[in-house]
Amino acid sequence: MSHSPATRDRPLSPHLTIYRPAITMTMSIVHRITGGALYFGTLLVAWWLTAAAGPQSYFDFVNGIFGSWFGRLVLFGYTWALMHHMLGGIRHLVWDTGAGLEKHTASKIAWATVVGSVILTILIWVVGYMVRGG
């Protein structure tokens, strides 16, 4: 019995269960996630700026939230997302020139994005605490 063209078994396209995740694929996914996270983080920055323009009591309230351990954790994550997304954007700009597209080079640049974003985030926070005096 033959199948009609519309009902015969068709081959499956490769998908995530077939491919082993490569660093470039992972960084592409993380780049999109950090872009989304930056929308949320930017709302927090806008909230803080709005509070700074308002009454001192409201600013103290918002500043207290951001100064809590959870608030600092969120701000640390926002800083990392910003650095990671920025470096990922630079990576894409380099690729737009046609450079760094070789598999081995692209993987090295992707790892540099991860390492660079962590180092920059830590440096920003260390400098911030040094300037703040605490």
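First things first, this report covers the structure right here in the doc. (Residues numbered from 1 in each chain as written. Predicted model: local features only at pLDDT ≥ 70, side-chain atom pairs only at ≥ 80, totals over all residues. Heavy atoms only, no water.)

### Re the layout of surface pockets
Consideration 1: Taken as a whole, the largest pocket spans an internal volume of roughly 510 Å³.
Consideration 2: Forming the boundary of the largest pocket are 15 residues, of which Phe 66, Arg 72, Leu 75, Thr 79 and Trp 125 lie nearest the centre.
Consideration 3: Of all the secondary structure elements, the ones that give two or more residues to the lining of the largest pocket are helix 1 (23-52), helix 2 (56-67), helix 3 (69-96) and helix 4 (103-132).
Consideration 4: Considering each element in turn, the lining of the largest pocket owes the most residues, five residues, to helix 4.
Consideration 5: Here the residues of the lining of the largest pocket sort into nine nonpolar, four polar and two charged. (1 Å grid on protein atoms, 1.4 Å probe; cavity = no way out; pocket = protein on both sides within 12 Å on 5 of 7 lines; lining within 4 Å. Points joined across faces, edges and corners; volume = space filled by probe spheres on them. Helix = DSSP H or I, 4+ residues; strand = E, 2+ residues; numbered from the N terminus. Nonpolar A, V, L, I, M, F, W, Y, C, P; charged D, E, K, R; others polar.)

### Some remarks on helix 4
Consideration 1: If you check helix 4, its first and last C-alpha atoms are 43 Å apart, about what 30 residues at 1.5 Å a residue would give, namely 44 Å.
Consideration 2: Listed in full, the buried residues belonging to helix 4 are Ala 106, Ala 110, Thr 113, Gly 116, Ser 117, Thr 121 and Trp 125.
Consideration 3: Tucked into the core, helix 4 has its buried residues touching helix 1 and helix 3.
Consideration 4: Gly 133, located one to two residues past helix 4, shows a positive phi value of around 85°. (Expected span 1.5 Å × (residues − 1). Buried < 20%, exposed > 50% of the residue type's maximum accessible area, 1.4 Å probe, protein only. Contact = heavy atoms within 4.5 Å.)

### Some points on the side chain of Thr 113
Consideration 1: Structurally, Thr 113 can be placed in helix 4.
Consideration 2: In this structure Thr 113 touches His 84, Leu 87, Gly 88 and Arg 91, once residues within four positions along its chain are discounted.

### Focus: the environment of Leu 87
Consideration 1: Mapped onto the elements of the fold, Leu 87 is located in helix 3.
Consideration 2: With relative accessibility at 18%, the residue Leu 87 sits in the buried group.
Consideration 3: For the pair Leu 87 and Asn 63, spaced 24 residues apart in the sequence, the C-alpha separation amounts to 29 Å.

### A few points about a nonpolar patch on the surface
Consideration 1: A contiguous nonpolar surface patch, about 450 Å² in accessible area, is contributed by Phe 76, Val 118, Ile 122, Val 126 and Met 130.
Consideration 2: The leading source of residues in the nonpolar patch is helix 4, at four residues.
Consideration 3: By the secondary structure assignment, Met 130 is in helix 4.
Consideration 4: Overall, Met 130 belongs to the exposed group, its relative accessible area being 63%. (Patch = residues over 30% accessible without salt bridge, like charges linked within 9 Å, V, L, I, M, F, W, Y side chains within 5 Å. Areas by Shrake-Rupley, 256 points an atom, 1.4 Å probe, with all protein chains shown as cover. Salt bridge = Lys/Arg side-chain N within 4 Å of Asp/Glu carboxyl O.)

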